[in-house]
Amino acid sequence: MAENKQGTLFVVSTPIGNLSDITFRAVEILKNVAIIACEDTRNTKILCEKYEIKTPLASYHKFSESEKSGWFINRLKAGEDMALVSDAGTPLISDPGVKLVQEARLAGINVVPIVGASAIMALLASIPRQSEDFKFIGFLPRVKSQIENLLKANAGENLVFYESASRLISTLKTIAETQACRKIAIGRELTKKFEEIRVDYPLKLLEYYNSHVLKGEIACMAYALDEKNVFCDDMKDKILRLKGLKLSNRDIVSVLNSLYAYSKNDIKDFLIKNPDFN
């Protein structure tokens, strides 16, 4: 007697904002699988209604992965195909799905990626970069000291991460306090009507976002910091302003060190090597 053929688990990328950003293949797969495992059935239902997808939906999120993975694996073993989606973008990329894919692989079930939209790729495709290298770290940690350590340890990397609207201001403040000359790229509302992509120093971004409404999840890149030139144009401008206030070099060193955490020796060396600022 022939063994029952196992089903296939399709990992399907969905739009990150604009519902038109979905592939024909993704729609076809979602229409033909037996069930769709989704992060939030309410969000996936909106997509399904737009494309007349009648497939049953089942909730599958980070709080139910352990509980539900076995149930989905049993259905796949019974020969049913299923799709895994997240609320937006690609599952497993800072989204649920790792446990299900891991168990499917262990069970010998075929896992097929259905590629599509990605907030990180959208950001990287729309900002200037001096190299192709980047390091993606998901969401930043919540503890300030951990963020500082992470930034310092990856000062030479184009560091790519997600951030929430509620935490962006505090994150920019942390970067401004430790690496004020590290440019940051921010992609907000990507692919939507009010899409906004900004590249600037953290203090300039803070000034902007303190007076603008922030919504949704945000994709960011902290540009690799050129440690040979620790002073950016923004910081040079501050030195000139302090000079205009008739502050001595000693006072300037103290002010910049206390407000922006720059090394006193670096500031002294800069003032000595750049007589135009004296």
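Nothing here was measured: the structure is a model prediction, and the numbers come from that model.

Asks: Provide a residue-level description of the packing of helix 7 (residues 165-178) against helix 8 (residues 202-209), including the pertinent values.
Replies: One way to put it is that helix 7 packs onto helix 8 with a least axis distance of 9 Å and a crossing angle of 155 degrees. Put simply, helix 7 runs roughly antiparallel to helix 8. Crossing of helix 7 against helix 8: the hand is left-handed. Note on element contacts: helix 8 touches helix 7 through Pro202, Leu203, Leu205, Leu206 and Tyr209, opposite Leu168, Ile169, Leu172, Lys173, Ile175 and Ala176. Split into classes, the residues belonging to the contact of helix 7 with helix 8 amount to 10 nonpolar, no polar and 1 charged.

Asks: Any chance you could break down helix 1 (residues 24-32) for me, citing the residues and the numbers?
Replies: Residues separated by three or four positions in an α-helix point in the same direction, a consequence of the helix having 3.6 residues per turn. For helix 1, the complete set of buried residues consists of Ala26, Val27, Ile29 and Leu30. Angular distribution of buried residues about the axis of helix 1 spans 165 degrees; they occupy a single face of the element. In this structure, helix 1 carries Phe24, Glu28 and Asn32 as exposed residues pointing more than 90 degrees from its buried face. On the buried face of helix 1, the contacting elements are strand 1 (8-12), strand 2 (35-38), strand 4 (82-85) and strand 5 (110-114).

Asks: Can you lay out unusual backbone geometry for me, pointing to particular residues and giving the numbers?
Replies: The phi torsion at serine 94 lies on the positive side, around 60 degrees, for a residue other than glycine. Tracing the backbone shows serine 94 in the loop between strand 4 and helix 4 (98-106). A positive phi angle is found at threonine 191, which is not glycine, with a value near 70 degrees. Along the polypeptide, threonine 191 turns up in the loop between strand 8 (184-188) and strand 9 (196-200).

Asks: Quick rundown of the pattern of salt bridges? Include the residues and the values.
Replies: For the structure on display, the rule yields 8 salt bridges. The shortest N-O distance in the salt bridge between aspartate 40 and arginine 42 comes to 2.8 Å. A residue is classified by how much of its surface remains accessible, and arginine 42, at 62% relative accessible area, is exposed. A salt bridge links lysine 192 to glutamate 189; the shortest N-O distance between them is 3.6 Å. Given a relative accessible area of 39%, lysine 192 falls into the partly exposed group.

Asks: Explain the sheet that holds strand 7 (residues 159-164) residue by residue, including any values.
Replies: Spatial strand order, 6-7-10-8-9: 5 strands in an open sheet with mixed pairing. Across the chains shown, the open sheet's two edge strands, defined by having one partner strand only, are strand 6 (135-139) and strand 9. Direction aside, neighbouring strands of the sheet carry axes that sit 20 degrees apart on average. With 3 bridges joining them, strand 6 and strand 7 adopt parallel strand pairing. Paired with lysine 135 across the two strands is leucine 159, which belongs to strand 7. Relative to the sheet, helix 7 contacts strand 7, strand 8 and strand 10 (217-222), its axis offset from that of strand 7 by approximately 135 degrees.

Asks: Tell me about the layout of surface pockets, and please be specific about residues and values.
Replies: Looking at the largest pocket, its volume works out to about 1100 Å³. Surrounding the largest pocket, 44 residues form its lining, Glu39, Asp87, Ala88, Asp95 and Glu217 being those nearest its centre. Broken down by element, the residue count for the lining of the largest pocket peaks at 4 residues, all from helix 2 (residues 41-50). Looking at the lining of the largest pocket residue by residue, the class counts come to 21 nonpolar, 13 polar and 10 charged.

Asks: Any chance you could break down the packing of aromatic side chains for me, citing the residues and the numbers?
Replies: Under the definition given, this model contains 5 aromatic pairs. Centre to centre, the rings of phenylalanine 136 and tyrosine 162 are 5.6 Å apart; their planes meet at 85 degrees, and the pair counts as edge-to-face. Within this pair, whereas phenylalanine 136 is found in strand 6, its partner tyrosine 162 is found in strand 7, the two being separated by 26 residues in sequence. Given a relative accessible area of 32%, phenylalanine 136 falls into the partly exposed group. For tyrosine 162, a relative accessible area of 10% gives the class buried. Centre to centre, the rings of phenylalanine 139 and tyrosine 162 are 5.6 Å apart; their planes meet at 40 degrees, and the pair counts as tilted.

Asks: Let's hear about the sheet that holds strand 5: which residues, and what values?
Replies: An order of 3-2-4-1-5 is seen for the 5 strands of this open sheet, with the pairing classed as parallel. Strands at the two margins of the open sheet, each flanked by one partner only, are strand 3 (57-59) and strand 5. Here the strands of the sheet are splayed against their neighbours by 25 degrees on average, with no regard to which way each runs. For strand 2 and strand 3, the ladder comprises 3 bridges, and the chain directions are parallel. Note that in strand 3 the partner of alanine 37 across the bridge is alanine 58. Together, strand 2, strand 3 and strand 4 form the strand contacts of helix 2, whose direction differs from that of strand 3 by roughly 160 degrees.

Definitions and cut-offs
Position numbers for residues start from 1 in each chain and track the written sequence from start to end. With pLDDT at 70 or above as the cut-off, local features in this predicted model cover only qualifying residues; side-chain atom pairs require 80 or more to be listed or tallied, and sums for whole chains, interfaces and linings still use all residues. In computing side-chain values, all of the structure's heavy atoms are included and hydrogens and water are not. Axis definition: a line fitted to C-alpha atoms, limited for helices to the stretch in contact. Angles are taken between N-to-C directions and run from 0 to 180 degrees. Only DSSP runs of H or I covering at least 4 residues are called helices, and only runs of E covering at least 2 are called strands; the numbering of each starts at the N terminus. Put simply, angles under 35 degrees are roughly parallel, angles over 145 are roughly antiparallel, angles from 65 to 115 are roughly perpendicular, and the rest are oblique. Here a crossing is taken to be left-handed if its near helix is turned anticlockwise relative to the far helix by less than a right angle, and right-handed if that turn runs clockwise. Here a residue-residue contact requires only that any non-hydrogen atoms of the pair lie within 4.5 Å. Here the term charged refers only to Asp, Glu, Lys and Arg, the term nonpolar to Ala, Val, Leu, Ile, Met, Phe, Trp, Tyr, Cys and Pro, and the term polar to all other amino acids, Gly among them. Classification of residues uses two cut-offs on accessible area relative to the type maximum, computed with a 1.4 Å probe and protein chains only: under 20% is buried, over 50% is exposed, and between them is partly exposed. Here the arc refers to the set of directions running from the helix axis out to each C-beta atom. Take a side-chain nitrogen of Lys or Arg and a carboxyl oxygen of Asp or Glu: if they are within 4 Å of each other, that pair is a salt bridge. Pairs of strands are assigned from DSSP output, requiring at least two bridges between the strands. Throughout, the protein atoms alone are placed on a 1 Å grid, and a set of points is a cavity if a 1.4 Å probe fits but cannot get out or a pocket if it is open with protein on both sides within 12 Å along at least five of seven lines; lining residues have an atom within 4 Å of a point. Grid points are joined across faces, edges and corners, and a volume is the space filled by probe spheres set on the points. To pair, rings of Phe, Tyr and Trp, with the six-membered ring standing in for Trp, must have centres within 6.5 Å; the planes then decide the type, stacked if under 30 degrees apart, edge-to-face if over 60, and tilted in the middle.

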